[in-house]
Amino acid sequence: MTEQTKVVMRLDGVGDVHRLDVYEANGGYRALRKALAEMKPEEVIEEVKKSGLRGKGGAGFPAGVKWSFVPKDYPGPKYLACNADEGEPGTFKDRWILENNPHEMIEGCIICAYAVGLSHIYVYCRGEFYEGKRRIEQAAQEAYVKGYLGDNILGSGFSTHLTVHTGAGSYECGEETALLTSLEGGRGHPRIKPPFPASEGAWGMPTVVNNVETLATVPAVIANGAEWHAGMGTEKSKGIKMVCVSGHVERPGIYEVEFGVPISGIICDLAGGVWQGRKLKGYFPGGSSTPVLPPEKAELPYDYESIAEAGSMLGSGAIIAFDEETDVVRMAEVIARFYAWESCGKCTPCREGTRWMLQIYERILKGGGRKEDLDILLSICDNLEFRSLCPFGDAAVGVVRSTINLYRDEYEEYIREHKVYRRKFVPVRH
Amino acid sequence: MDAREGKLVTLTINGKQVTVPEGTKLTDAAEAAGFKIPQFCAHRWLEPLGACRMCLVRIEKMPKLETACTTVVREGMVVTTESDEIRQARKAMLEFHLLNHPLECPVCDKGGECELQDLTEAHGLTKSRYVEDKLARPDAMLTPFLRMNYKRCIMCKRCVRYCEEVTGSHLLKVDERGAWSHIATYGVEGPADYFSGNMIELCPVGAITSELFRFRGRPWELHRTRTVCNQCSVGCSVELHTRQNELLRIVPGVNPYVDDGHICDRGRFAYGYANNLPFSQPMVGKGGERREVSWEEAESIAAGKITEITEKHGANALGLIAGSGLTNEDYVAFRLIAHTHLGTENFFIGEGLIDVSSNPLAILHSMFFDAASISEILQSDLILSVGCDLVEEAPVLALRIGQTLNGSQRKLIGLCAYKPPGYWSPQEHYCYDPGNFLAAAGEIIRAIEAGDTTGRYGGLVERLQQARTAAIIWGQDLLRHRDADKCLLALLKIKYAAYRWREANGMERGHISLNPALRSANATGALVLNNLEFLVRGQPERPERPHATMRGLLKKAAAGEIKLLYLTGINPLMTFIDRSLVERALDAVDFLIVQDVLSNEVTERADLLLPVAPWPCREGTYVNFGWRLQRLHATDIVTNLPSNLEVWNRLLIKLGKGSHSTTPATIFDEIARLMPPISHLTFDTIPETGSLLDFRLDEESMQKVAEEVAKVELDYSRYEPMEGYPLVLVQKIYLFRNSPRMRLSQKMDAVTPEPLAQMHPDDMSEYGVADGQEVTVESVNGAIELIARRCDWVQPGSVVISNYLPGAPTSSLVSVDENITYVRVRPLQ
Ligand SMILES: Cc1cc2nc3c(=O)[nH]c(=O)nc-3n(C[C@H](O)[C@H](O)[C@H](O)COP(=O)(O)O)c2cc1C
Ligand code: SF4
Ligand code: SF4
Ligand code: FES
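Residues numbered from 1 in each chain as written. Chains lettered and ligands numbered in written order. Predicted model: local features only at pLDDT ≥ 70, side-chain atom pairs only at ≥ 80, totals over all residues. Heavy atoms only, no water.

### Comments concerning helix α13 (residues 437–450) of chain B
All names here are of chain B. With 14 residues, α13 ought to run about 20 Å at 1.5 Å a step, and its terminal C-alpha atoms sit 20 Å apart, in line with that. For α13, the buried fraction is high: ten of the 14 residues fall into the buried class. Of the residues making up α13, those classed as buried are Phe 437, Leu 438, Ala 439, Ala 440, Ala 441, Gly 442, Ile 444, Ile 445, Ala 447 and Ile 448. In this structure, the buried residues of α13 make contact with β18 (382–386), β19 (411–416), α14 (458–466), α15 (476–479) and α16 (484–504). Immediately downstream of α13, the backbone of Gly 451 shows phi near 65°, a positive value. (Helix = DSSP H or I, 4+ residues; strand = E, 2+ residues; numbered from the N terminus. Expected span 1.5 Å × (residues − 1). Buried < 20%, exposed > 50% of the residue type's maximum accessible area, 1.4 Å probe, protein only. Contact = heavy atoms within 4.5 Å.)

Right under this line is the structure:
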């Protein structure tokens, strides 16, 4: 029986945790007090490094290592950009934190700012998170009043400030360099790396970019110590992860688990299994960007390495399950449309390739598929993957290639029989 | 960059070792090794973008293919740019680029000079796998000159980045997202981009095209002639494209010492007049009596009048003026005819904005010996633009200054009677009280001497003291001042004050150069040839004969001393600061000969009009703003109009005074011998990029100049206000102004500013004037009617007016005998 290990969500169920007094009454801001009073900034970084905390935004990069890349004696200001743009289909964990436990994230931000010497925290909040934005702004207000933010925090001599900035509804703005450009007031286009944000980020200044969940885990790591965190999970994937389970399951929702639990345990024990007693046809292990895995691979341990070995990615931690009655071609088309519409348009292969793939899908679903279409789709995937400017292009091909490989017969049926998919909604853009 | 220069990096490209300077882009390193990497989005003017992905290469130890345009070389790098993998990747990227690109090369203006077409051919992409619907969007006009063909755009963003990174106009942006993203304007009113035309060549495909050239010709059937732009004193290199006796378009000629491949929209688009000439034959008589005559008859009339007047009143009753757009060879011939053949002292070359006579030595020295080349200006630690809206007065120079200052520690500072409006303005700006530059100069000089950086011009003073090299560019607000000569002397005093301060404070003296931003294409050449004796001697001595000045000449004409006035290529009613003096002169003379290309107020009033061939048919040389002598080349356009030289020669023959050469080459070779800086050149060996006219003196001679300047006494007091006329007139020049060239070219009305009286909001309420209201602007000398416009950039107490408005020239408000012009503004009932 797979159980949850609640860390970031440990106060789930306690009422009004978004309020400072409730958060404090439940141990809130103790980690910050500890860091400021007992630890030197380098020690905080060292602790986070030792804990093995990895970024929860998608790439799983070790947070402490990223922090240590920021130049120490940089002459200008340095910033933290908290990535709250959560836009990956299937992912809704950051939203929960923003709305229900904003202080945990703010506390994590302040600890990070203290450790790395960052003078300003920008929370880049997805434009549609109206409630989340309000909650973060209220929480920041309370934190200012209480002296957790602002000048000379808790008399420590350390100062940092926090600003909430909302995006305008673009998935690509979650990519860290696009986020920074958008934060600066520019069009949400990514930049070439290097330089990485840690050396040249917002307005050219060294900037740490971390996901909401990553930062919200930091207080627990500081409060309980690196060993505690490193003691959870697997050898390489240490700690816990909030997993968003959606799709054809009985109890979709967010479940916080230790790395290494079986994926089937998350789907069956926690999310109640595939709905209506149907069988699992396949699942996305880490959001719409990650290649689909077949049911045989549902027994894998839930950690970065095992999922990568199976040919996919843990990504942002969003398991999307689909049942045996799913029309896979149509499902792929929906996701292809997402990528075509969300491509920022900066680089050619992604801008052109995503729309081309969508057009082919639409034609197939209208009964106009041709024998060569599948080869063309696969070759677009080859031409796009690893050749686009940012990882969006790689993300866009995952579903296409994996579903053609796993469910080729369904594609062929559409093509052979000129099967027509009956649409309930007609997409507007062309 | 500077600090890193000198360090070298060695890397291996396709097995070949190359050594390049540190900081080199991989694309350039590959090119140096002999491997061309295809690129769409990268361009030498722009920051790398990495968007088109055409330049993908394999770099050892990197997991993915990398874009060469965004990669800086590293020691020991091992790179593959030619392999099956790379060829496949390029082909794939090309396929993506072509998905939404129409197959219309045969009707596309870019066909034949298109980077996409060339690469597609090179990669042998003949069949498309794309069977879906292409995206299409109707054409749009980005500016009156630029048509956007959306279907052809490959979204390389070169255009957007040009407006952001180079011109700073932010004219363009990208709208929408993904495959639907497209170039758009912000749709807000405001100053357009004066350099927008450069996006035509910058666009690698035929998306941005010239509305004027659209469907007019195919690149390969055009005859190309490289020459020098004649629209302002920057003197950009241009290429004239002609076919069947028609000038079809102008594109940049690329001169690294001048324009680096940029030209302004006026230089590029204001050419229609050349196909639309108003005169084809000489004309005699005024108004309704005017009739066309043969050249034979015209020459007889001119010769007859000249002989008659010389016999009756002496040779000094002949007055000759040549404008500042003629060639140096024209000027040489003109001097010879006026002085030697006709024997008059009353001749003048140029527009006469600066009166050299008051202190010839100091003034001429500063004009000739303190001037800097464009490259030197661009490298100066400090560039100071005084009394000048640089982008209007010397557009491409302004652009290049902006470009080189980008991200550097060096500075451009403005000092003017107003804060130049628009997107292109100095980083730091100081205003002096309108009309009172001399008072400001006095304050600056005192502050420099006292080491006081706390005053009104404190920042400027400090920068002048600290700059090792500084370039002062001074423009129309001082040049059109009656006391332009005193303004120049004041600038010289500022310069020497800074030198003295630096030396007194243990610093090396450094160098401050001074360049006037003269208006016309060959104004510098006019200056040279009006003062030839002085230059030929080349030593700091006083010229023996005080020069005829424009002012003196006009006054003599108005007083009836000059009976025949012969104007070549000049309309003093527009260019001279005092219109009423010119009116009186024109009224007083018995006979007016005007020799020009286009129609204007004086061609209308001429007793004898002698039309000459336009600029595309001209051979000769110009000297530009930065003292670069450049050669003009005539296109293949055949004209039956003569050149200036031919007209004068025929006249000489008619007068029985012999003849002179009509070939610019012969004349040039003669002047070249006289001028040390170019004595090694002949007409045919002038380099394509021109040759610097370097008149600079040795230290000892410069010392004498300094002494001379020190001797000059200047009065720095403010001018007294004038009862009843509370505002000071400030005249400003605009790039697009209502000149004959503009009037006769297409689309120019769309970009020419309206005749405006631009005022500070406080003054508008004070004098009861509303924005957009018709007003009269009145001085004791005259009145003009304009439309009032509220402008925050105008200083209170002044009204700023374009000095090129037909029907409302500011020169009718000005008297050459007053050193400041006060006006009042009243609403028209
Ligand atoms: C197309 C794209 C979208 C992304 N969206 C998000 C997002 O919404 N939230 C997020 O935290 N990271 C997102 N990322 C990952 C970020 O680029 C970055 O790696 C992350 O914010 C780093 O934080 P972490 O190290 O704490 O995970 C996205 C990446 C890509 C390529
Ligand atoms: S891959 Fe290219 S077009 Fe796609 S989102 Fe990234 S930069 Fe934009
Ligand atoms: S208009 Fe031309 S320069 Fe601009 S993005 Fe399109 S192809 Fe590039
Ligand atoms: S030229 Fe390198 S990406 Fe466009």
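### Focus: the sheet that holds strand β20 (residues 428–431) of chain B
Consider a sheet: its strands pair through backbone hydrogen bonds, and that pairing is either parallel or antiparallel. Residues and elements named next belong to chain B. Within the open sheet, the five strands sit side by side as β20-β19-β18-β21-β22. Their pairing is parallel. In this open sheet, the two edge strands, each paired with only one partner strand, are β20 and β22 (511–516). Geometrically, the sheet is characterised by an average inter-axis angle of 15° between neighbouring strands, direction not taken into account. Pairing between strand β21 (residues 469–474) and β22: six bridges, direction parallel. Considered in β22, the bridge of Ile 472 is made with Leu 514. In this fold helix α12 (residues 395–405) packs onto β18, β19 and β21, with an angle of close to 140° to the strand it touches most, β19. Seen against the sheet, α16 touches β18, β21 and β22 and runs at an angle of roughly 165° to β22. (Pairing = 2+ DSSP bridges. Axes fitted to C-alpha atoms, helices over the stretch in contact; angles between N-to-C directions.)

### A few points about the site of ligand 1
Residue and element names in this part refer to chain A. Taken together, 19 residues surround ligand 1, and among them Gly 57, Asn 83, Asn 210, Asn 211 and Thr 214 come closest. With respect to ligand 1, the backbone of Lys 56 contributes an N or O atom lying 3.3 Å from an oxygen atom. In the model, an oxygen atom of ligand 1 is placed 2.8 Å from a nitrogen or oxygen of the Asn 83 side chain. Compared with its free state, where it exposes 610 Å², ligand 1 has 89% of that area covered by protein. Broken down by element, the shell around ligand 1 gets its largest block of residues, three residues, from strand β4 (residues 207–211). Residue composition of the shell around ligand 1, by class: four nonpolar, eight polar and seven charged. (Near = heavy atom within 4 Å. Polar contact = N/O pair within 3.5 Å; in protein donor to acceptor, adjacent residues only side chain to side chain. Areas by Shrake-Rupley, 256 points an atom, 1.4 Å probe, with all protein chains shown as cover. Nonpolar A, V, L, I, M, F, W, Y, C, P; charged D, E, K, R; others polar.)

### Focus: unusual backbone geometry
Residues and elements named next belong to chain A. The linkage connecting Lys 193 with the following residue, Pro 194, adopts the cis geometry, with an omega of -10°. By the element assignment, Pro 194 lies in the loop between α8 (176–183) and β4. In this chain, Pro 194 is followed by Pro 195 through a cis amide linkage whose omega measures 0°. Structurally, Pro 195 can be placed in the loop between α8 and β4.

### Here we look at the environment of Arg 152 of chain B
Residue and element names in this part refer to chain B. With respect to the helices and strands, Arg 152 occurs in the loop between β7 (146–148) and α4 (158–166). Taking C-alpha positions, Arg 152 is 16 Å from Glu 211, a pair spaced 59 residues apart along the chain. Sequence-distant contacts of Arg 152, that is, excluding residues within four places in its chain, are made with His 101, Pro 102, Glu 104, Val 107, Cys 108, Asp 109, Val 205, Gly 206, Ala 207 and Thr 209.

### As for the site of ligand 3
By nearness alone, 14 residues border ligand 3, and Cys 153, Cys 156, Lys 157, Cys 159 and Cys 203 of chain B come closest of all. Here the residues of the shell around ligand 3 sort into twelve nonpolar, no polar and two charged.

### Some details on the interface of chain A and chain B
Contacts between the two partners involve 35 residues from chain A, matched on the other side by 38 residues from chain B. Between chain A and chain B, the buried area comes to about 3200 Å², and carbon and sulfur atoms account for 51% of it. At the junction of chain A with chain B, the criterion picks out three salt bridges. Residue Lys 64 of chain B is joined to Asp 394 of chain A by a salt bridge in which the shortest nitrogen-to-oxygen separation is 3.9 Å. Inspection of the chain A/chain B interface yields 23 residue pairs in polar contact (both at pLDDT 80 or more). Sorting the residues of the side of chain A that touches chain B by element identifies α13 (328–342), α14 (348–365) and α15 (373–384) of chain A as the ones contributing at least two each. (Buried area = accessible area lost by both parts, 1.4 Å probe. Salt bridge = Lys/Arg side-chain N within 4 Å of Asp/Glu carboxyl O.)

### Quick look at the packing of aromatic side chains
Note on aromatic pairs: each is described by the distance of the centres and the angle between the planes. Considering all chains together, one arrives at 30 aromatic pairs over all chains under this definition. Arranged with centres 5.5 Å apart and planes meeting at 75°, the rings of Tyr 114 of chain A and Phe 158 of chain A form a pair that is edge-to-face. Separated by 44 residues along the polypeptide, Tyr 114 of chain A in helix α6 (residues 102–116) and Phe 158 of chain A in the loop between α7 (130–145) and β3 (161–166) bring together distant segments of the chain. Exposure remark for Tyr 114 of chain A: the relative accessible area of 11% places this residue in the buried category. Ring centres of Tyr 418 of chain B and Trp 793 of chain B lie 5.7 Å apart, and the angle between their planes is 70°; this geometry places the pair in the edge-to-face category. Here Trp 793 of chain B lies in the loop between β32 (783–790) and β33 (798–802) and Tyr 418 of chain B lies in the loop between β19 and β20, a separation of 375 residues in the sequence. For Trp 793 of chain B, a relative accessible area of 17% corresponds to the buried category. (Phe/Tyr/Trp six-rings, centres within 6.5 Å; stacked < 30°, edge-to-face > 60°.)

### Focus: the domain arrangement of chain A
Residue and element names in this part refer to chain A. For chain A, the domain assignment lists domain 1 (20–230), domain 2 (240–323) and domain 3 (328–416). Centre-to-centre, using C-alpha coordinates, domain 1 lies 35 Å away from domain 3. Across the contact, 14 residues belong to domain 1 and ten residues belong to domain 3. Each partner contributes to the roughly 910 Å² buried at the junction of domain 1 and domain 3, and carbon and sulfur atoms together form 66% of this total. (Domains from an automatic or database assignment.)

### Concerning the domain arrangement of chain B
Residues and elements named next belong to chain B. Looking at chain B, the domain boundaries give domain 1 (8–95), domain 2 (127–275), domain 3 (295–352 + 522–691), domain 4 (360–516) and domain 5 (727–827). Contact residues are listed per partner, giving 22 residues for domain 2 and 16 residues for domain 4. Approximately 1500 Å² of surface area, both sides summed, lies buried where domain 2 meets domain 4, with 63% of it carried by carbon and sulfur atoms. Considering only the side of domain 2, the residues that lose the most area to domain 4 are Tyr 194, Phe 195 and Val 234, jointly responsible for 32% of the buried surface there. Counting the contacts that link domain 2 with domain 4 gives zero salt bridges. Inspection of the domain 2/domain 4 interface yields four residue pairs in polar contact (both at pLDDT 80 or more).

### Some points on the packing of α14 of chain A against α15 of chain A
Residues and elements named next belong to chain A. Orientation of α14 relative to α15, taken along the N-to-C sense of each, is 160°, at an axis distance of 10 Å. Looking at the two axes, α14 sits roughly antiparallel to α15. α15 is crossed by α14, and the crossing has left-handed handedness. Side by side, α14 and α15 meet where Pro 349, Cys 350, Gly 353, Thr 354, Trp 356, Met 357, Ile 360, Tyr 361, Arg 363 and Ile 364 of the first sit next to Asp 373, Ile 376, Leu 377, Ile 380, Cys 381, Asn 383 and Leu 384 of the second. Along the lines of polarity and charge, the residues of the contact of α14 with α15 split into twelve nonpolar, three polar and two charged. (Parallel < 35°, antiparallel > 145°, perpendicular 65-115°, else oblique. Left-handed = near helix turned anticlockwise from the far one by under 90°.)

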